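Examination of the molecular architecture
Read off the chains here:
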Amino acid sequence: MSENTAPLPDFTRWPSFPFEGDMRVKKLAPPVEVEPPRSGEDGSDCVACRTPDDAYIWVSDRWRVRAMDRPTGLPMVLILECRSHLDLGDLPNMLAAELGVMTVRLERAIRSLDGVARVHVNRWGDGSAHLHMWFLARPYGRLQLRGTFLSLWDDILPVIPEAQWRENLALVAAWLADFGGKANAEPAHIAWESPATLDVPMGDAEEDREEGRRPATLGDVQAAAPLADSWVRHSDSPAAGSQPGSPAPGMPAASANATSIPYQPTGPRTVNGPVPSLSSVIGDIEEVDHTP
């Protein structure tokens, strides 16, 4: 078999052609006598007919729109399908008219996305017998992707982020739902992560804790509560070996005119107004003990 030396076509030198280097034209295979059946020629085994609505980003009574199963290189690639098992030339007049409306509507929805310059609409019917129209979005400013090779570039470009892809799907579905039907696509949910530590500038409260004037933990508060309770008890009860009315050891001497406060066990009580804080209670105790 001699080597095929057919000259390369002019489009291989177009800026939009995605390949370079040494290439050869494939040898053309002879035609077959009978073409093989396409996928879904028999409606009973049609994949599109058996796919449930929740696999589509938008559905209506007569049309459905689906996306790829994962992000690709282009901002958006969608497929418009009629719900009935029909090919393009089999559409009745009503569906044929609606196909024009749906094509324009879906093109506008995709073109409304940020970063989309043009939307290419294609129909290839050699793979599946069920009508499906392709919509491919060309990124804005990527002039090298213009023209007929956009579908090839989709497999070459870096994959877009999944969060952006899902948000684009949700926007297109919402656009279509404004005219009827049901939107099934939702944007990606935000994954919240709390920081391990918080760098908060030290303020007055932090300075008080550093100097021991303010409790830093719940344990400090619980430790301070028995101390305040003991202070009240000792101010009214004589210590062992002391005379009634004399101050407890380590406590400041009170004036002869000072009125003692009988100790009352702690327990539930009703408070009118806001509940005082521990620091304010301790301050009140100090003021009473030192009243001249």
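Just so we're clear, the structure is a prediction, and the values are computed from it rather than from any experiment.

This part takes up the overall build of the chain. If you tally the helices and strands in the chain, you get seven helices and six strands. For the chain, the α and β elements follow one another from N to C terminus as α-β-β-β-α-β-β-α-α-β-α-α-α. The long-range fraction of contacts in the chain, counting pairs at least 24 apart against all pairs at least 6 apart in sequence, stands at 60%. Carbon and sulfur atoms provide 54% of the accessible area of the chain, an area that totals close to 20600 Å².

Turning to the packing of helix α2 (residues 93-111) against helix α4 (residues 162-177), a few remarks are in order. Closest axis-to-axis distance for the α2/α4 pair is 9 Å, and the angle between their directions is 140 degrees. Overall, the two elements α2 and α4 adopt an arrangement that is oblique. Both α2 and α4 take part in a crossing whose hand is right-handed. Of the residues in α4, those in contact with Arg105, Leu106, Arg108, Ala109 and Ile110 of α2 are Val172, Trp175 and Leu176. Of the residues belonging to the contact of α2 with α4, the class tally is six nonpolar, no polar and two charged.

Formed by 30 residues in total, the largest nonpolar core has its most connected members in Ile57, Leu78, Leu80, Leu106, Ile110 and Val172. Sorting the residues of this core by element identifies β2 (63-67), β3 (77-82), α2, β4 (116-122), β5 (132-139) and α4 as the ones contributing at least two each. Here this core takes six residues from α2, the largest share from any one element. In this structure, Val172 is in contact with Ile57, Leu78, Leu106, Ala109, Ile110 and Leu113, ignoring residues within four places of it in sequence. In terms of nonpolar packing, the next biggest core, distinct from the first, is built from eight residues, Leu136, Leu145, Phe149 and Trp153 among them.

Right, let's talk about the side chain of His132 for a bit. Relative to the helices and strands, His132 is located in strand β5. In this structure His132 comes out as buried when scored by relative accessible area, which is 10%. Only 2.7 Å separates the side chain of His132 from the backbone oxygen of His130, close enough to count as a polar contact. In contact with His132, other than residues within four places in its own chain, are Ile79, Leu80, Glu81, Arg123 and Trp124.

In this model, the chain carries a mean pLDDT of 77, and residues with pLDDT of at least 70 account for 62%. Low confidence marks residues 230-261, where pLDDT is under 50. Its contacts with residues over four positions away, or in another chain, come to 22 contacts. The low-confidence segment residues 265-271 (pLDDT under 50) makes one contact with residues lying over four places distant or belonging to another chain.

Below, the discussion takes up the packing of aromatic side chains. The final tally for this structure, using the stated rule, is seven aromatic pairs. Plain terms: the ring middles of Phe17 and Phe19 are 5.7 Å apart, the flat faces sit at 75 degrees to each other, and that makes the pair edge-to-face. Judged by relative accessible area, which is 43%, Phe19 ranks as partly exposed. Through pairs of rings, three or more aromatic residues link up here, namely Phe11, Trp14, Phe17, Phe19 and Phe149.

Quick look at the pattern of salt bridges now. Per the counting criterion, the structure on display carries 11 salt bridges. The closest approach of N and O atoms between Arg64 and Asp53, which form a salt bridge, is 2.8 Å. Taken together, the residues Arg64 in strand β2 and Asp53 in the loop between α1 (47-50) and β1 (58-59) connect sequence positions 11 residues apart. Taking the relative accessible area as the measure of exposure, Arg64 reaches 5% and is therefore buried. According to the relative accessible area criterion, Asp53 is partly exposed, its value standing at 29%. By sharing partners, the salt bridges in this structure join Arg38, Glu41, Asp87 and Arg123 into a single network.

Helical geometry: 3.6 residues make up each α-helical turn, so side chains three or four residues apart lie on a common side. Compared with the 22 Å implied by 1.5 Å per residue over 16 residues, the 22 Å span of α4 between its first and last C-alpha is a close match. Every buried residue belonging to α4 is among Trp165, Asn168, Leu169, Ala170, Val172, Ala173 and Leu176, and all of these are buried. Next to the buried residues of α4 lie β1, β2, β3, α2 and β6 (182-183).

Our focus in this paragraph is the sheet that holds β1. Picture the strands of a sheet paired through backbone hydrogen bonds; they go either parallel or antiparallel. The strand order β4-β5-β3-β2-β1-β6 describes an open sheet built from six strands, whose pairing is antiparallel. The open sheet has two edge strands, β4 and β6, and neither has a second partner. For β4 and β5, the ladder comprises six bridges, and the chain directions are antiparallel. Note on β5: the bridge partner recorded for Val121 is Phe135. Packed onto the sheet, α2 meets β1, β2, β3, β4 and β5 and runs at close to 155 degrees relative to β4.

Cut-offs used in this document
- Sequence order sets the numbering: in each chain, residues are counted from 1 along the sequence as written.
- Only residues with pLDDT of at least 70 are given local features in this predicted model, and only at 80 or more are side-chain atom pairs given and counted; all residues enter the totals for whole chains, interfaces and linings.
- With hydrogens and water stripped out, all remaining heavy atoms of the structure feed into the side-chain values.
- Put simply, DSSP marks the helices as runs of H or I at least four residues long and the strands as runs of E at least two long, and each gets a number from the N terminus on.
- The criterion used for residue contact is that any of the two residues' heavy atoms lie within 4.5 Å.
- Using the Shrake-Rupley algorithm and a 1.4 Å probe, accessible areas are obtained, with residue cover drawn only from the displayed protein chains.
- To obtain an axis, a line is fitted to C-alpha atoms, over the contacting stretch when the element is a helix, and the angle between two such axes runs from 0 to 180 degrees between their N-to-C directions.
- Here the angle decides the label: under 35 degrees means roughly parallel, over 145 means roughly antiparallel, 65 to 115 means roughly perpendicular, and every other value means oblique.
- It is the rotation of the near helix from the far one that decides the hand of a crossing: anticlockwise by less than a right angle makes it left-handed, clockwise makes it right-handed.
- Amino acids are sorted into nonpolar (Ala, Val, Leu, Ile, Met, Phe, Trp, Tyr, Cys and Pro), charged (Asp, Glu, Lys and Arg) and polar (every other residue, Gly among them).
- Side-chain atoms within 4.5 Å are what join buried Ala, Val, Leu, Ile, Met, Phe, Trp, Tyr and Cys residues into a set we call a nonpolar core.
- Buried means the residue's accessible area, taken with a 1.4 Å probe over protein chains only, is under 20% of the maximum for its type, while exposed means over 50%, and partly exposed covers the values in between.
- Nitrogen and oxygen atoms within 3.5 Å of one another constitute a polar contact, given that in protein one can donate a hydrogen and the other can accept it, and given that sequence-neighbouring residues count only through two side-chain atoms.
- As a per-residue measure, pLDDT reflects the predictor's confidence and takes values from 0 up to 100.
- Paired rings are identified among Phe, Tyr and Trp, the last through its six-membered ring, by centres lying within 6.5 Å, and are further divided according to the angle between planes into stacked (under 30 degrees), edge-to-face (over 60) and tilted (the rest).
- The salt bridge definition used is simple: a Lys or Arg side-chain nitrogen within 4 Å of an Asp or Glu carboxyl oxygen.
- To estimate how far a helix should extend, the number of its residues minus one is multiplied by 1.5 Å.
- Two strands are said to pair when DSSP picks up at least two bridges between them.

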